[in-house]
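Descriptive analysis of the structure
So the chains spell out like this:
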Amino acid sequence: MTVNSEQSRKIKMLIVDDEAVIREGLRHTIDWVDFDVEVVGEAEDGREALQRIAECGGVDLVLSDIRMDGMDGLQLAERLKVQFPEVWMILVSGYEDFDYARQAMRLGVTDYLLKPVDIDELTAVVKGVVSRIDRQEDIGMQEARLWFAGLVRHGFASGKVPVSLQGKEYLIVASQIADYHDRFGGTSPDELEALQNRWSKAIHRPFDDDHCLESVSVMKNENLMISLIVVKTPQERQIWDHLLSGMIARLEEVGTVYFGVSTPFNTLERAASACTEAVSLLPYYVLEGHPLLLPEYRESLEMQRGIPNYDTATAVRELVSRLFKQDPSELGTFIADMFTVFRETGLLLEDILHIYEELWALLRQQLRRSGMPDMDAGTKAAADLNIYNSYDSLQKLVLDEMLELQRQVNVSGLDKSYWIIEKAKKYMDDQFRMDLKASEVASWLKITPSHFSYIFKQSTGKGFTEYMNEKRINHAKKLLATTHDKVFEIADQAGYNEYKYFVSVFKTYTGMTPKEYRGLMAGKKAEGE
């Protein structure tokens, strides 16, 4: 898991004094950048200081005079303790009075300095505060890290919400690198970690720099980062769009990264469902290549997309033929044509994977019938669509698996048997009206009857007689439904010399006599009219 934070984040400090010359002196006398401090503003009194903190948020440290017109430093400290307890405070006073110091410390003031301020003493105090803030943030981010990781991994978070993640508005951003397998497949663990760090910083920076927000990210998968953006002040939609566009621009060094962005929400109880919403948007990137995927974009696409409909049975027959032909280029052309159809019909990668799962099951069944050994295990690997997240990478995975299957078919020697049976089935289709016997087909093929019976059963899953009866009965059913020929004439046309035997076989396969079947079909036709 990665937390979106720069290794040396600058502490944001507000200077408060009713004398402009002192404010300017404190701002410019010391090179605050050397101490990882950024002066983000000035205020004339405590009331203005509170307003500045509320407006921009993210102030870590207040350096304030204690005696000021309006709200003084002690009153400011008291209000900070209630309204902004996360803000640290250093008080400066020209009054050498222990009561002030004691009261300030009771209000949670970090340190108390006397005027005229000694520069070395001030810098030492600020360095100490910076160190303590860093340590506190480390602890806070560890808590945030554990809390958000639990939510992402389990769908719910346990324990109290860390203070660092408490805000007015939230957003979940799920992100992935496009064409990940082709670009980063085989990347070493160290290189992958460096990539993920650049990725997380690019997501964090636009929020941290512009709007004083917090963010924490979890790598749920090697190529799936989920980020929680915590907003101190609710933002208009155009501001969100600007910030999200900034993320895309900063990620150019990583590559093309696309984002699924949830609807903003105002309570962390909705964080889990927002994670689901954001992640569910990512698959739509392949359709049009839009890097910013919002809920309304998905709704628009779903209205245009049709229901996935692919003839897997026909595809399997075509695949089996190409597997046995042992021509890799022809197999590659078939897979390419198949994916062209997938693209043109707007199928998502998960739709394609479901089709492929069905295709694989039918293909395995067909090959097993043909005598392919070890087909229960198969060779197909589970495709992680976070890794194979493009049409091209998924197509290459499918082709590699089919080429491996083609190699196994070649090694098993099944291709020879396949073409023998294909030749036999064509001959049987032409001759089924004759009183054809298995021994006659075997003789025509110039192989022994026993070998023919074995390989025919292995290839089709049916014996010779069962196969011929099914073909003949189907032909008879067609004639009964479409002609007025007498039943004994249809029996002869279907290849049965004995009428009674035909009736018996017909009833076995259909559950009714030929006359009953003809009556049923006539009734259905009448109802249709």
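Residues numbered from 1 in each chain as written. Predicted model: local features only at pLDDT ≥ 70, side-chain atom pairs only at ≥ 80, totals over all residues. Heavy atoms only, no water.

Before going further, it helps to examine the overall build of the protein. Counting its secondary structure elements, the protein contains 22 helices and ten strands. Counting the 529 residues in the protein, one finds 45% classified as buried. Summarising the internal contacts of the protein: among those between residues at least 6 apart in sequence, 70% fall at separations of at least 24. For the protein, the accessible area works out to roughly 27100 Å², and carbon and sulfur atoms hold 49% of it. (Helix = DSSP H or I, 4+ residues; strand = E, 2+ residues; numbered from the N terminus. Buried < 20%, exposed > 50% of the residue type's maximum accessible area, 1.4 Å probe, protein only. Contact = heavy atoms within 4.5 Å. Areas by Shrake-Rupley, 256 points an atom, 1.4 Å probe, with all protein chains shown as cover.)

This paragraph deals with the sheet that holds strand β5 (residues 111–114). Strand order across the open sheet formed by five strands is β2-β1-β3-β4-β5, with parallel pairing between neighbours. Taken across any chain shown, the strands that pair with only one partner, and hence form the sheet edges, are β2 (37–43) and β5. For this sheet the average axis-to-axis angle between neighbouring strands, irrespective of direction, equals 20°. As paired elements, strand β3 (residues 61–65) and strand β4 (residues 88–93) share five bridges and run parallel to each other. Of the residues in β4, the one forming a bridge with Val 62 is Met 89. Each of β1 (11–16), β2 and β3 is contacted by helix α1 (residues 20–29), which is oriented at about 175° to β2, the strand it contacts most. Sheet strands touched by helix α3 (residues 73–83): β1, β3 and β4. Its angle to β4, the strand with the most contacts, is close to 170°. (Pairing = 2+ DSSP bridges. Axes fitted to C-alpha atoms, helices over the stretch in contact; angles between N-to-C directions.)

Our focus in this paragraph is helix α19 (residues 464–482). Between its first and last C-alpha, α19 extends 28 Å over 19 residues, near the 27 Å set by a 1.5 Å rise per residue. Among the residues of α19, Phe 464, Tyr 467, Met 468, Asn 469, Arg 472, Ile 473, His 475, Ala 476, Leu 479 and Leu 480 are the ones counted as buried. (Expected span 1.5 Å × (residues − 1).)

Here we come to the sheet that holds strand β6 (residues 169–177). Strand order in the open sheet formed by five strands is β7-β8-β6-β9-β10, with mixed pairing between adjacent strands. Here the strands that pair on one side only, and so sit at the sheet edges, are β7 (214–221) and β10 (292–293). Sheet contacts for helix α8 (residues 237–250): β6, β8 (224–231), β9 (257–261) and β10; angle to β6, the most-contacted strand, approximately 30°.

A word on the environment of Asp 311. Within the element layout of this structure, Asp 311 appears in the loop between α11 (295–304) and α12 (312–325). Spatially, the C-alpha atom of Asp 311 lies 9.3 Å from that of Leu 359, the residues being 48 residues apart in sequence.

Okay, the pairing of β1 next. Here β1 lies mainly inside the structure; six of its six residues are buried. Side chains Ile 11, Met 13 and Ile 15 of β1 all project onto a buried face; the interleaved residues Lys 12, Leu 14 and Val 16 project onto the opposite face, where all are buried too. Relative to β2, β1 runs parallel, the two sharing six bridges. By the bridge assignment for β2, Ile 15 is matched with Glu 42. Bridging between β1 and β3 involves four bridges; their strand directions are parallel. Looking across to β3, one finds that Val 16 is bridged to Ser 64.

By size, the foremost hydrophobic cluster in this structure holds 56 residues, and its most contacted members are Leu 363 and Met 402. No other element matches the nine residues that helix α14 (residues 349–369) contributes to this core. For Leu 363, the contacting residues outside a window of four places in its chain are Val 316, Leu 319, Val 320, Leu 323, Met 402 and Leu 405. Val 152, Val 230, Ala 274 and Leu 301 belong to the second-largest nonpolar core, a separate cluster that totals 32 residues. (Core = buried A, V, L, I, M, F, W, Y, C linked by side-chain atoms within 4.5 Å.)

Taken together, the side chains of Asp 18, Glu 19, Glu 44 and Asp 69 define an acidic patch exposed on the protein surface. Take Glu 44: it is sitting in the loop between β2 and α2 (46–56). Classification of Glu 44 by relative accessible area gives partly exposed; the value is 47%. (Patch = residues over 30% accessible without salt bridge, like charges linked within 9 Å, V, L, I, M, F, W, Y side chains within 5 Å. Salt bridge = Lys/Arg side-chain N within 4 Å of Asp/Glu carboxyl O. Lys, Arg positive; Asp, Glu negative; His and termini not counted. Charge placed at Lys NZ, Arg CZ, Asp CG, Glu CD.)

When the UniProt feature table is mapped onto this chain numbering, "modified residue: 4-aspartylphosphate" (unreviewed entry) sits at Asp 65. You can see Asp 65 is positioned in strand β3. Here Asp 65 is in contact with Val 16, Asp 17, Asp 18, Gly 73, Leu 91, Val 92, Ser 93 and Lys 115, once residues within four sequence places are set aside. (UniProt positions renumbered as here; feature names shortened; annotations may be inferred.)

Attention now goes to the pairing of β7. In terms of burial, β7 is a largely internal element, six of the eight residues being buried. Across seven bridges, the pairing between β7 and β8 is antiparallel. By the bridge assignment, Asn 221 is partnered in β8 with Leu 224. Hairpin connection from β7 to β8: two residues lie between these consecutive antiparallel strands.

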